[in-house]
Amino acid sequence: VRSMDRRLTTILAADVVGYSRLMERDETGTLALLKQRRRELLEPLAVRAGGRLFKVMGDGVLFDFPSPVNALQFAVDLQKAMETANAPLEDQQRLSLRIGINLGDVIVDESDLYGDGVNVAARLQTLAEPGGVCISASVHDQVAAKLPLQFEDIGEPVLKNIARRIRTYRVVLDTARPAPAADGYRQTAIEKPSIAVLPFANMSGDPEQEFFADGLTEDTITQLSRFHGLLVISRYSSFRYKNEIVDVQKAARDFNVHYIVEGSVRKAGNRVRINVQLIDAVTDRHIWAERYDRELEDIFAIQDEVTASIVGVLPGRIEAATRARAEHKPTSSMAAFECVMTARVLHHRSTREDNTAALAMAERAIELDPRYGQARAWRACILGQSWVNGFCTDRDATWNQVVAELERAAALDDDDADVHRIRAAVGIARGDLDKASYHQERAFGLNPNDDLVVVQQGELLTWLGRPEEGIDWIRRAMRLNPYHPPRFWSHLGRAQFVAQRYADAVESFNRLSPLECVHHSFLAACRAQLGDGAGARQHSDAVLKLVPDFTVANHLGTMHYRRDEDLQHHRDALLKAELPD
């Protein structure tokens, strides 16, 4: 950069609240703590966000950032990390920061920056509350649609030595949500996996396909936004890249996201070809790609079908990629979301050991954020699994915990699909199919593309006596998530058994390994209904080996059939397999 050059940049100014008072009380301790905070929090966070420290002034610092989004995300992450780091300290020992951010023209003199853009940031910093952030309107205009934050317009205050009035906004920070631990690894960008869907390119040379490409992009953004575990950049922001040749990593930096979806649409004759790929922008690695070839008969039906396929696969692929990243971090420093994600993976393995580990992760997430409704819902789900499978020592106490945790989850976030899905599952477990139906309908309305919601739709329909419909829904869930948990096969096998499609049920249950008592019992019943006496006896023997005191009556007490004829059908098949009544 040549001397005395000018450029537009984002300046962040921060200083320590009550620094003189702190130094007067404990000069050595305050200075040591300030250096520690710079070394362990401020500098690593700034590097991650692309910031450059260009001036230190005792208790204050000035940073230069490539974009307002990067600067504000850094400020939010820093304030949350400072809050967590201060938690174990006495009030008189805590270091709090005020931060101001401005986008403006500056003078570049070698490595230093000067001018009005810097001065405004420094004045905005004085307006911020301890632990808070104030930004100019120029910053607000750039970040409002790109970050999941709220802003309070505080008017046009008089700024010292600034002749003109500057429209100013205070950032509303969610201080109830603790930042990750101050020691060890810190997630320094955002707490959820974040994704931007770039406008699908029309490669057809046909202007009419432009509407199809845009519609596909918009639908994908809308449907992904239903997943509370994802932060999805808005359509307004994403479409800034329409008709541009995009550098994916630059776009990811601009949006401050982990993942990018990009795609193209090409029309050839009466067919349309759609290519979609998911990219981990941090590692510049392709995670998933798919091609869809369709007859161009009903373009809107194609749009719906492809959107459903994309949205069904992406969250699972993102979760897998984020889990892989999380496995390289010490558990004690994972963000609450990552703890819940780990708990989900362990829960789906359905073993006693994994259930115990999943419960510990869910409880860690609640420690990190007591107001995280989804963490409480998953704790209830994991406890429910221990109740159903007999992993717990006190069934009544465990069940009371399930109910209490779900009530807390609903009070915290009644519009979360997972909360209602798990409440529906509890309704099924209690045999209250009316309550289960209500919560299942709520869950499905909130997120019809979540494979766990969709598979439960099939499970519930089976209990309600509509197994053929249940089979369709369970298969749809399997298409939505090709990496589904093994228990989906159990749901499918049970639906096929109720529908009296015994050979199909045998095939589904045989996909499971290892086979549990309940699986052997269904296989025994299916083999008996197929006239395979030897096969039925083999599975009946396996049932009695696993559970010596097994009886048909006790087993049917764990089933939730609404129709008497479904219950009687199951009873007759088990007795035909020579299992004890």
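Each chain carries its own residue numbering, running from 1 in the written order of its sequence. Owing to the predicted nature of the model, reporting of local features is limited to residues with pLDDT of at least 70; listing and counting of side-chain atom pairs is limited to 80 or more, with chain, interface and lining totals taken over all residues. The basis for every side-chain value is the complete set of non-hydrogen atoms in the structure, without hydrogens or water.

## Digging into the packing of aromatic side chains
Paired rings are identified among Phe, Tyr and Trp, the last through its six-membered ring, by centres lying within 6.5 Å, and are further divided according to the angle between planes into stacked (under 30 degrees), edge-to-face (over 60) and tilted (the rest). On inspection of all chains with the given rule, the structure shows nine aromatic pairs. The interplanar angle of 80 degrees and the centroid separation of 5.4 Å between the aromatic rings of Phe497 and Phe522 together place this pair among those described as edge-to-face. Here Phe522 lies in helix 20 (residues 517–529) and Phe497 lies in helix 18 (residues 487–498), a separation of 25 residues in the sequence. Of the two residues, Phe497 and Phe522, both sit in the buried class. What links up through ring pairs into an aromatic cluster is the set Phe497, Tyr502, Phe509 and Phe522. Strands are runs of DSSP state E lasting at least two residues, helices are runs of H or I lasting at least four, and both sets are numbered from the N terminus onward. Think of it in three bands: with a 1.4 Å probe and only protein chains considered, a residue is buried below 20% of the maximum accessible area for its type, exposed above 50%, and partly exposed in between.

## A look at unusual backbone geometry
What you tend to see is this: most non-glycine residues have negative phi, and most peptide bonds are trans. Each neighbour pair has its own omega, and for Ser513 with Pro514 the value is 0 degrees, a cis peptide bond. The topology assignment puts Pro514 in the loop between helix 19 (502–509) and helix 20. At Gln500, a position not held by glycine, the phi torsion is positive, near 65 degrees. When you line up the elements, Gln500 lands in the loop between helix 18 and helix 19.

## Description of the pattern of salt bridges
When a carboxyl oxygen of Asp or Glu is within 4 Å of a side-chain nitrogen of Lys or Arg, the pair counts as a salt bridge. Within this structure, the stated rule accounts for 25 salt bridges. Across the pair Arg6 and Asp105 runs a salt bridge, and its minimum N-O distance is 2.7 Å. One end of the pair, Arg6, is in strand 1 (residues 5–16); the other, Asp105, is in strand 4 (residues 97–109), with 99 residues separating them in the sequence. Note that Arg170 is salt-bridged to Glu152, the shortest N-O span being 3.6 Å. Of the two residues, Arg170 is situated in strand 8 (residues 168–172) and Glu152 in strand 7 (residues 150–153); the sequence distance between them amounts to 18 residues. The class for Arg170 is buried, based on a relative accessible area of 19%. According to the relative accessible area criterion, Glu152 is partly exposed, its value standing at 39%. A single salt-bridge network, built from bridges that share partners, covers Glu363, Arg376, Arg379, Glu405 and Arg408.

## Topic: the nonpolar core
Definition used in this section: a nonpolar core is a set of buried Ala, Val, Leu, Ile, Met, Phe, Trp, Tyr and Cys residues joined via side-chain atoms within 4.5 Å. Within the largest apolar cluster, 75 residues are counted, with the highest numbers of intra-cluster contacts made by Phe497, Tyr561 and Leu579. Among the elements that line this core, the one with the most residues is helix 12 (residues 373–389), at eight residues. Residues are treated as being in contact if the distance between any of their heavy atoms lies within 4.5 Å. The contacts of Tyr561, once residues within four sequence positions are left out, are Trp463, Phe497, Val498, Phe522, Asp566, Leu567 and His570. Listed in part, the 40 residues of the second largest apolar core include Val76, Leu78, Leu95 and Leu173.

## Quick notes on the pairing of strand 4
The pairing criterion is simple: DSSP has to find at least two bridges between the two strands. Sheet topology places strand 1 next to strand 4; twelve bridges connect them, and they run antiparallel. Within the sheet, the bridge partner assigned to Leu8 lies in strand 4 and is Asp105. Where strand 4 lies against strand 6 (residues 133–136), three bridges are found, and the strand directions are parallel. By the bridge assignment for strand 6, Gly100 is matched with Cys134. Bridge count for strand 4 against strand 5 (residues 112–114) is three bridges, and the pairing is antiparallel.

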